[in-house]
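The chain contents come next:
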Amino acid sequence: MKHRREIDGLRAIAVLPVILFHAGFSWFAGGYVGVDVFFVISGYLITTILIEDLEAQNFSIVRFYERRARRILPALFFVMLCCIPFAWLWMLPQQFKDFSQALVAISFFASNILFWRKSGYFAPAAEENPLLHTWSLAVEEQFYLFFPLLLLFVWRFGRRPVLMSLLLIMSLSLLLSEWGWRHQPSANFYLLPFRAWELGFGALCALWLSGRPQPSSAPLASLGLGLILYATFAYDKVTPFPSLYALIPVVGTALVILFGSPATLVGRLLSQRLMVGIGLISFSAYLWHQPLLAFARIRSLETPSWQIMGLLCVASMGLAYLTWRYVENPFRRGQVALASTRRRLFAMCFVGTGVFLLSGLYGHLNDGLPGRLSEQAVLLAAESHNRNPRRDECHVAGSTPVPECTYGGGTLGAIVIGDSHAAAVIRSIQQAMGDERLHVLDWTLASCPTIAGVKSDKASLAHCGNFVNYALEASRTLDRDAPLFIVNRVTAYLVGPNEPYAAEELAYPNHYLSGPYSTRSHEYLEEMASGFLTTACAFAQHREVFMFRPIPELKKDVPLYMARSLVFSGEVQRVSVTEAEYRERHRLALEIQDRAVRACGVNIIDPLPYLCRGGRCWGDIEGQPVYYDDDHLSESASRVLIPALRQAFTGPGRGMPLSAHDG
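Since the model is a prediction, treat every value here as computed from it, not as a measurement.

A.B. asks: Which residues make up the overall build of the protein, and what values go with them?
C.D. replies: Within the protein one finds 27 helices and 11 strands. In terms of overall dimensions, the protein is globule-like: its C-alpha atoms have a radius of gyration of 28 Å, near the 26 Å expected for 663 residues. If you line up the protein on its principal axes, its C-alpha atoms span 90 × 50 × 45 Å. Expressed as a percentage of its 663 residues, the buried residues of the protein come to 57%. The contacts in the protein between residues at least 6 apart in sequence include a share of 79% that link residues at least 24 apart. Here the protein has roughly 27800 Å² of accessible surface; of this, 61% comes from carbon and sulfur atoms. Side chains of the protein carry 57 positive and 54 negative charges; the gap between the two charge centres is 10 Å.

A.B. asks: How would you sum up the sheet that holds strand 9 (residues 616-618)? Please name residues and give values.
C.D. replies: The strand order across the open sheet formed by 3 strands is 6-9-8, and the pairing between neighbours is antiparallel. Single-partner strands in this sheet number two, and they are strand 6 (576-578) and strand 8 (612-613). Bridge count for strand 8 against strand 9 is 2 bridges, and the pairing is antiparallel. By the bridge assignment, cysteine 612 is partnered in strand 9 with cysteine 617.

A.B. asks: Can you explain the side chain of serine 243? Please cite residues and give values.
C.D. replies: Within the secondary structure, serine 243 is located in the loop between helix 10 (218-234) and helix 11 (247-259). For serine 243, the side chain forms a polar contact with the main-chain oxygen of proline 240, separated by 2.7 Å.

A.B. asks: Tell me about the sheet that holds strand 7 (residues 603-605), and please be specific about residues and values.
C.D. replies: As summarised here, the arrangement of the 6 strands in space is 1-3-2-4-5-7, forming an open sheet in which the pairing is mixed. Each having just a single partner strand, strand 1 (406-408) and strand 7 make up the two edges of the open sheet. When strand polarity is set aside, the average angle formed by the axes of neighbouring strands in this sheet is 25 degrees. Each of strand 2 (411-418), strand 4 (484-487) and strand 5 (545-548) is contacted by helix 22 (residues 522-540), which is oriented at about 145 degrees to strand 5, the strand it contacts most.

A.B. asks: Before we move on, can you summarise the pairing of strand 2 with the specific residues and values?
C.D. replies: Most of strand 2 is tucked away: 7 of the 8 residues are buried. For the handedness criterion, the β-α-β arrangement of strand 2, helix 19 (residues 420-433) and strand 3 (residues 438-444) is classed as right-handed.

A.B. asks: Quick rundown of the confidence of the model for the protein? Include the residues and the values.
C.D. replies: Parts of the prediction with low pLDDT should not have their coordinates interpreted in detail. Per-residue confidence for the protein gives a mean pLDDT of 90; residues scoring 70 or more make up 91%. In the predicted structure, residues 501-509 sits below a pLDDT of 50 and forms 23 contacts with residues beyond four places in sequence or in another chain. Counted against residues more than four places away or in other chains, residues 653-663, with its pLDDT under 50, gives 29 contacts.

A.B. asks: With reference to specific residues and values, describe the layout of surface pockets.
C.D. replies: Of the pockets and cavities examined, the second largest pocket occupies roughly 890 Å³. Taken together, 34 residues form the lining of the second largest pocket, with Arg11, Leu45, Arg68, Arg71 and Arg332 sitting closest to its centre. Among the elements of the structure, helix 1 (5-22), helix 2 (33-55), helix 3 (61-90), helix 6 (134-155), helix 13 (273-280), helix 14 (282-299) and helix 15 (306-332) are those that each provide at least two residues to the lining of the second largest pocket. At 9 residues, helix 2 tops the list of elements feeding residues into the lining of the second largest pocket. By residue class, the composition of the lining of the second largest pocket is 17 nonpolar, 6 polar and 11 charged.

A.B. asks: So, empty space enclosed by the protein: which residues are in play, and what are the values?
C.D. replies: This structure, assessed with the given rule, holds 4 cavities of 30 Å³ or more. Of the voids in this model, the largest cavity is the one considered here, and its volume is about 70 Å³. What lines the largest cavity is Phe147, Leu150, Leu151, Val154, Val162, Ser165 and Leu166. Among the elements of the structure, helix 6 and helix 7 (159-183) are those that each provide at least two residues to the lining of the largest cavity. Of the residues forming the lining of the largest cavity, the biggest block, 4 residues, is contributed by helix 6. Classifying every residue of the lining of the largest cavity by side-chain character gives 6 nonpolar, 1 polar and no charged.

A.B. asks: Give me the environment of glycine 601: which residues, what numbers.
C.D. replies: Within the element layout of this structure, glycine 601 appears in the loop between helix 25 (587-600) and strand 7. With a relative accessible area of 47%, glycine 601 lands in the partly exposed category. Residues glycine 601 and leucine 151, 450 residues apart in the sequence, show an inter-C-alpha distance of 70 Å.

Calculation notes
- Residues numbered from 1 in each chain as written.
- Predicted model: local features only at pLDDT ≥ 70, side-chain atom pairs only at ≥ 80, totals over all residues.
- Heavy atoms only, no water.
- Helix = DSSP H or I, 4+ residues; strand = E, 2+ residues; numbered from the N terminus.
- Rg over C-alpha atoms; globule rule 2.2 N^0.38 Å.
- Buried < 20%, exposed > 50% of the residue type's maximum accessible area, 1.4 Å probe, protein only.
- Contact = heavy atoms within 4.5 Å.
- Areas by Shrake-Rupley, 256 points an atom, 1.4 Å probe, with all protein chains shown as cover.
- Lys, Arg positive; Asp, Glu negative; His and termini not counted.
- Charge placed at Lys NZ, Arg CZ, Asp CG, Glu CD.
- Pairing = 2+ DSSP bridges.
- Polar contact = N/O pair within 3.5 Å; in protein donor to acceptor, adjacent residues only side chain to side chain.
- Axes fitted to C-alpha atoms, helices over the stretch in contact; angles between N-to-C directions.
- Right-handed = clockwise from strand over helix to strand, strands pointing away.
- pLDDT = per-residue confidence, 0-100.
- 1 Å grid on protein atoms, 1.4 Å probe; cavity = no way out; pocket = protein on both sides within 12 Å on 5 of 7 lines; lining within 4 Å.
- Points joined across faces, edges and corners; volume = space filled by probe spheres on them.
- Nonpolar A, V, L, I, M, F, W, Y, C, P; charged D, E, K, R; others polar.

Put into structure tokens, the structure is as follows:
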């Protein structure tokens, strides 16, 4: 296969935005599209090699996998090995257990399946996962497993059947991806069937260029590079991806591959020595950047500064060069005695895979090896799981609530409607009733504001308004003596989340209204406020309604922060916000609730007297975390609200005074 320097330069265009995106540089909010550029390049290179072997009638599946093993496994194994001691020293038990599971999954090139089942790529926990980036390697390896066999089978019938088969697979995969971002976004991101069309674009380029000289077109090559750069700087975390949006960087990459010859400006730019050099070490750079950034975030109690993250990006390039020179190249060329022959290479891969597989199983089966840490640190970290034990059963996402989900006896005693904040306190409401014969009806739905008919552009939330409409109708038929509690993270729906990792996601509220609204616009806020008020008053026409004041949001994961501070500094550091910060953050939500009190007699439950002391709202009470993350009350801590909740069931003066939030 003829070496194309401009393809090396294109790899540089792919890897640099990925690294800068993961480092948190906002200018590269769409830098994740670099992975898609890699997919197209990989599809092109692999298919070119396969076609050349097939045309020469010397195709060998064993030789193909040998080349893949030499290319990928030595550097991958080396980086994984380097990660283990830092994970051992710095990770809390659950995180080390997750890390161990990743070691097992990578051993089977199935880490994309693991991460699909466990988390989202843009979730905050993903930033601290040193092996998250291996999902893309798994996608490629799964492609390498199936595609050569498919090509070998169809090739005997001629090029046209190959082309038709490829186009059919790509079309189905693209349609699946467009469906997937709406209905199965995590699977859509991680799994091969939703990504195959991107690799297929590269394969299509290889098939088209095979047997003919490369065409040259400066306008098309420039357009291709422009499309890649546009996606890099214009896309962000809320762009539906992959989807038809992914066509922009994918088609752009294909145009550069097809028309970016050395005779074009783009070809000359990509063939520059610096670009080629970065491209040559791009695989190792990709392997190194995520562990460096993830471990920096784990080790830092505060969000690392942009200067530190920038230095780590540079460090990833330095480590990449060393790995490329002393690991990648020697193994690829058979210069290492352990892999000098095919048999020795496969034996080394088998042994290495076994070591990581057994290490991962050991960490998984021993629950993250808590004995590495002090007992107090382990107990603090365990508070991350101190949540409603029936949460997974009763509090659902992407569908309507479980109609039969109740807490308590056989007779309706109360109704709770809301989002995950409601799911966090529902068992305390049950206990506050004080009558085992009564039950609480669970009408909680993930990320669902209690607004009748709210229309969302986000497919997974489109059902939300319909459910609240259903709840309004159903509540009219239920015992009117049963009070209804509304618990929402109202401020997040109005102005967005306030966690550091979500600070840039200011488009988040716009998921909840369909229309020409800009984030935090007056029109948006007014319609949302009106929706909350109207819905609360509609419920209040038929029963007593209690609304929770906003739960204080602490910006840091309380149990993890306290546990890590103990591990890294030797003493537990507390988390808090001032009451002034609380009032400023939740000003709009408090105003809406006050309007509901005046408009239709809604009662207020105020958690502040139970969570705040001395002008500050704390994440712990006497050293015991009262949150299981940064904004959800833990299962045991929510019981501190029982005295306030009992007033909803014990006669006059129900609820906390309206002025409670004023101190």
